[in-house]
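Each chain is listed here by its residues.
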Amino acid sequence: MGLTAGIVGLPNVGKSTLFNAITKSKVLAANYPFATIDPNVGVVEVPDKRVDALVEMYQPKKTIYTTFEFTDVAGLVKGASKGEGLGNQFLSHIRSCDAICQVVRCFEDDNVVHVEGSINPLRDIETIKLELIFADIDVIEKRIPKIKKRAELRTDKEAIEEYELLSRLNQALMDEIPIRALPLAESEWKIIKNFSFLTAKPMLYVCNVSEEELLDYDGNIHVLAVSELALKEGARNCIISAKIEQELSELSDEDKQMFLEDMGMKESGLVDLINKSYDMLGLQTFFTAGEKEVRAWTFKKGSKAPECAGIIHTDFQKGFIRAETIHFDDLMRAGSESKAKEMGRFRLEGKEYIAQDGDIFHFRFNL
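All residue numbers refer to position in the chain's written sequence, counted from 1. Where totals are concerned, whole chains, interfaces and linings use all residues; where local detail is concerned, this predicted model gives features only for residues with pLDDT of at least 70, and gives and counts side-chain atom pairs only at 80 or more. By convention in this description, side-chain values take in all heavy atoms of the structure and omit both hydrogens and water.

**Student:** Quick one: what's the story with unusual backbone geometry, residue by residue and with numbers?
**Tutor:** Working note: non-glycine residues mostly have negative phi, and peptide bonds are mostly trans. At Gln-59, a residue that is not glycine, the phi angle is positive and equals roughly 50°. Here Gln-59 is to be found in the loop between helix H2 (49–58) and strand S3 (62–64). Phi at Glu-176 takes a positive value of approximately 65°, unusual for a residue other than glycine. Mapped onto the secondary structure, Glu-176 falls in the loop between helix H5 (157–174) and helix H6 (186–192). Classification of Glu-176 by relative accessible area gives partly exposed; the value is 38%. By the criteria applied, helices consist of DSSP H or I runs no shorter than four residues and strands consist of E runs no shorter than two, each listed in order from the N terminus. When accessible area is computed with a 1.4 Å probe and restricted to protein chains, residues below 20% of their type maximum are described as buried, those above 50% as exposed, and intermediate ones as partly exposed.

**Student:** Can you tell me about H5, naming the residues and giving the values?
**Tutor:** Expected span of a helix, by definition, is 1.5 Å for each gap between consecutive residues, and there is one gap fewer than residues. The end-to-end C-alpha distance of H5, which contains 18 residues, comes to 26 Å, matching closely the 26 Å that a straight helix rising 1.5 Å per residue would cover. Listed as buried for H5 are Ala-159, Ile-160, Glu-162, Leu-165, Leu-166, Leu-169, Asn-170, Ala-172 and Leu-173. Any two residues whose heavy atoms approach within 4.5 Å at even a single point are treated as in contact. Elements that come into contact with the buried residues of H5 comprise helix H4 (121–152) and H6. We call two N or O atoms a polar contact when they sit within 3.5 Å, provided that within protein one can donate a hydrogen and the other can accept it, with sequence-adjacent residues counted only if both atoms are side-chain atoms. Where H5 starts, the residue carrying a side-chain oxygen 3.2 Å from the main-chain nitrogen of Glu-158 turns out to be Asp-156. Just past H5, the residue Glu-176 takes up positive phi, approximately 65°.

**Student:** Would you mind going over the packing of H4 against helix H7 (residues 221–233) in detail, with residue names and values included?
**Tutor:** Axis definition: a line fitted to C-alpha atoms, limited for helices to the stretch in contact. Angles are taken between N-to-C directions and run from 0 to 180 degrees. For the pair H4 and H7, the least separation of the axes is 9 Å and the interaxial angle reads 45°. Relative to H7, the element H4 is oriented oblique. Two secondary-structure elements touch here, H4 through Pro-121, Leu-122 and Ile-125 and H7 through His-222, Ala-225, Val-226 and Leu-229. Lys, Arg, Asp and Glu make up the charged group, whereas Ala, Val, Leu, Ile, Met, Phe, Trp, Tyr, Cys and Pro make up the nonpolar group; the residues left over, Gly among them, are polar. The class makeup of the residues in the contact of H4 with H7 is six nonpolar, one polar and no charged. Oblique is the label for every angle not falling under 35 degrees (roughly parallel), over 145 degrees (roughly antiparallel), or within 65 to 115 degrees (roughly perpendicular).

**Student:** Lay out the packing of helix H8 (residues 242–249) against helix H9 (residues 253–263) with the relevant residues and their values.
**Tutor:** Remark: H8 packs on H9, axes separated minimally by 9 Å, with the N-to-C direction vectors making an angle of 145°. Residue-level contacts link Ile-244, Glu-247 and Leu-248 of H8 to Lys-256, Phe-259, Leu-260 and Met-263 of H9. Across the contact of H8 with H9, the residue classes break down as five nonpolar, no polar and two charged.

**Student:** Describe empty space enclosed by the protein, naming the residues involved and giving the relevant values.
**Tutor:** Buriedness for pockets is judged along seven lines, at least five of which must meet protein on both sides within 12 Å for an open set on the 1 Å grid over protein atoms alone, while cavities are sets there where a 1.4 Å probe fits but cannot get out, and lining residues have an atom within 4 Å of a point. Grid points are joined across faces, edges and corners, and a volume is the space filled by probe spheres set on the points. This structure, assessed with the given rule, holds three cavities of 30 Å³ or more. Considered as a void within the structure, the largest cavity measures approximately 60 Å³ in volume. Around the largest cavity, the lining residues are Gln-102, Ile-125, Lys-129, Leu-132, Arg-180, Thr-199, Met-203 and Tyr-205. Counting residues per element, the ones that place at least two in the lining of the largest cavity are H4 and strand S6 (203–208). Tallying contributions element by element places H4 first for the lining of the largest cavity, with three residues.

Right, dumping it as structure tokens:
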């Protein structure tokens, strides 16, 4: 269950530079609009120091981190939903994503042109917000005529519910309110799940600042404006320097650590981006560990032990008996698996156990 996120933003805000850093790939990053024409998809390992600690303890033959998939798409311009720039071409590429990371330019640089001629992140965010809203309205307006007659006959309950819900969503969108901001019931989310509405997806604003301001951005009025907006919307934001992240991506692990220390940074900005994306989507991590393999697995917060077992293999969930469990912190305090067992830190959990972030599982099942 890897996370998928679409990277969006206006042209020349640092999207492709960030994507290069994330994937250590070399997609075209140029100082002109539409440098990225085809969607670039990159799958990267999610850094997790807990995996590293488990590897040191178990010395496994194989190590597998959980993954994070990014889709970088062409820069969006005003009127894209009506065919401007590359039109709707890019929108289809992010409909299948779990979340949207919107890169917002928060740095001044006369050598890098801005498609609107000036730096104004709130204006840029509003531009993209409206284009996503227009795209969702288009989806609704194409669907409503297909179910309107069935709904009006009042004999098809599902058609009535869908028609009334879509009509309500359409009005909210016309009022420039994103779907994610609406108080929808769980049953209503199920109705619209397959529509993959863009404004229903969680949004993370990625403030791209200059190298000089990365550690001292308190005086950056653009960052402050985006932070206030995110707080108002109930969204998330993080601060990165795409240029520094790209430089880091080209270094060895040892040199990277030295670079971070020289910069006065504890970790890469990408780690913060990933952590906030996980939290935004309600995702957590459990582990399996042994001499053969140490592996991280992503699960939805609130999942029960059998559901986590099913992430590894559906047969594990079907034949679930119980889970031998220890939390990562308890194992580290014990110092070894054998010592943890002596201390009684391992537990046997049943079908109703709600998995916690950092649990280490050994599932027992019967086929």
